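# Secondary and tertiary structure notes
Single-letter residue listing:
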Amino acid sequence: MTLLPDSFVTARLRAERMSQTHLSFITAMHADAALMASMGGTRDAASSRRYVQHNLLHWAEQGYGMYVLTERESGALAGRAGLKLAVSGKVERVEIAYAFQAACWGRGYASEITRALLALGFERLPVQVLSAVAVVTNPASLRVMEKCGLRWIETTGEGDARKLRYEIRREQWRALASCDGSAPRAGSLPEPAEKPATGEASAHRAGGANMAS
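Throughout what follows, the structure given in this document is the object of discussion. Predicted, not measured: the structure shown is a model, and the values here were computed from it. (Residues numbered from 1 in each chain as written. Predicted model: local features only at pLDDT ≥ 70, side-chain atom pairs only at ≥ 80, totals over all residues. Heavy atoms only, no water.)

### Examining the nonpolar core
Membership of the largest hydrophobic core comes to 39 residues, with the highest contact counts inside it found for Leu83, Phe100, Ile113 and Leu118. No other element matches the 9 residues that helix H4 (residues 109–124) contributes to this core. Residues contacting Leu83, with those up to four places away along its chain left out, are Leu4, His58, Tyr64, Gly65, Met66, Val94, Glu95, Ile96, Leu117, Gly121, Leu125 and Leu130. (Core = buried A, V, L, I, M, F, W, Y, C linked by side-chain atoms within 4.5 Å. Buried < 20%, exposed > 50% of the residue type's maximum accessible area, 1.4 Å probe, protein only. Helix = DSSP H or I, 4+ residues; strand = E, 2+ residues; numbered from the N terminus. Contact = heavy atoms within 4.5 Å.)

### Some details on the pairing of strand E6 (residues 129–135)
Of all 7 residues in E6, 6 are buried; the element is thus mostly enclosed. Sheet topology note: the E6/strand E8 (residues 163–169) ladder contains 7 bridges and is antiparallel. Residue pairing across strands places Ala132 opposite Tyr166, the latter belonging to E8. (Pairing = 2+ DSSP bridges.)

### Regarding the packing of helix H1 (residues 23–30) against helix H3 (residues 45–62)
Closest axis-to-axis distance for the H1/H3 pair is 9 Å, and the angle between their directions is 125°. It follows from the interaxial angle that H1 and H3 lie oblique. Relative to H3, the crossing made by H1 is right-handed. Two secondary-structure elements touch here, H1 through Leu23, Ile26, Thr27 and His30 and H3 through Ala45, Ser48, Arg49, Tyr51 and Val52. Here the contact of H1 with H3 is built from residues that sort into 5 nonpolar, 3 polar and 1 charged. (Axes fitted to C-alpha atoms, helices over the stretch in contact; angles between N-to-C directions. Parallel < 35°, antiparallel > 145°, perpendicular 65-115°, else oblique. Left-handed = near helix turned anticlockwise from the far one by under 90°. Nonpolar A, V, L, I, M, F, W, Y, C, P; charged D, E, K, R; others polar.)

### Here we look at the packing of aromatic side chains
Considering all chains together, one arrives at 5 aromatic pairs under this definition. Considering the side-chain rings of Tyr98 and Phe100, the 5.9 Å spacing of their centres and the 50° angle between planes classify their relative orientation as tilted. Across the pair, exposure class does not vary: Tyr98 and Phe100 are buried alike. Counting every residue linked through ring pairs, the aromatic cluster contains Phe8, Trp59 and Tyr67. (Phe/Tyr/Trp six-rings, centres within 6.5 Å; stacked < 30°, edge-to-face > 60°.)

### Let's talk about the pattern of salt bridges
Applying the stated criterion across every chain, the model contains 9 salt bridges. A salt bridge links Glu71 to Arg107; its shortest N-O distance comes to 2.6 Å. Within this pair, whereas Glu71 is found in strand E3 (residues 66–71), its partner Arg107 is found in the loop between strand E5 (91–100) and H4, the two being separated by 36 residues in sequence. Its relative accessible area of 39% is what places Arg107 among the partly exposed residues. Across the pair Arg169 and Glu171 runs a salt bridge whose closest N-O atoms are separated by 3.3 Å. On the accessibility criterion, Glu171 (46% relative accessible area) is partly exposed. Three or more residues joined by partner-sharing salt bridges are found here, namely Arg93, Glu95, Glu154, Arg165 and Glu167. (Salt bridge = Lys/Arg side-chain N within 4 Å of Asp/Glu carboxyl O.)

No statement about biological role is implied by the geometric values presented.
In structure tokens:
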């Protein structure tokens, strides 16, 4: 059963469920050293194929997953983002993840898609908590999480490899939405896309940030 829509739009972005047609774009993203600096470094073509296959399987098994993002105005590919199941020991968490190409940094896209994913996650998934992780050397992503209402929970690892986990509970998200409008109100979901975007174009990452994806 599919729990999240195959496509949706925000004010400036169009999200399309990741598919095999996006492999060349994902491969190009993974080859970008600047973009991948906070995600463990570049990945080769074989790793990119495994990444896409893993995400196709995630969609099939979980009913939600990663999207590829395009700019609505220009049609240019912008990045990837979505919700994913992360398992650590016996603990399962649903995490928000995103990565945008450098040409999209500083435009507020990261906050825009994070708020949309929070709305989709809490409205459509049977979860009480959503989380996100970023390395300590990626302050832009940490600012995005705080701006969107997530709060620091724990730090793991050492040195520059330290990872900070942030979380937001369903009741906190609803309170934030009703108090100051900084998150979508209940029932105010991202709009379904009129028609899924299928073309490949040039690409880009947002807000100077990315979360592990």
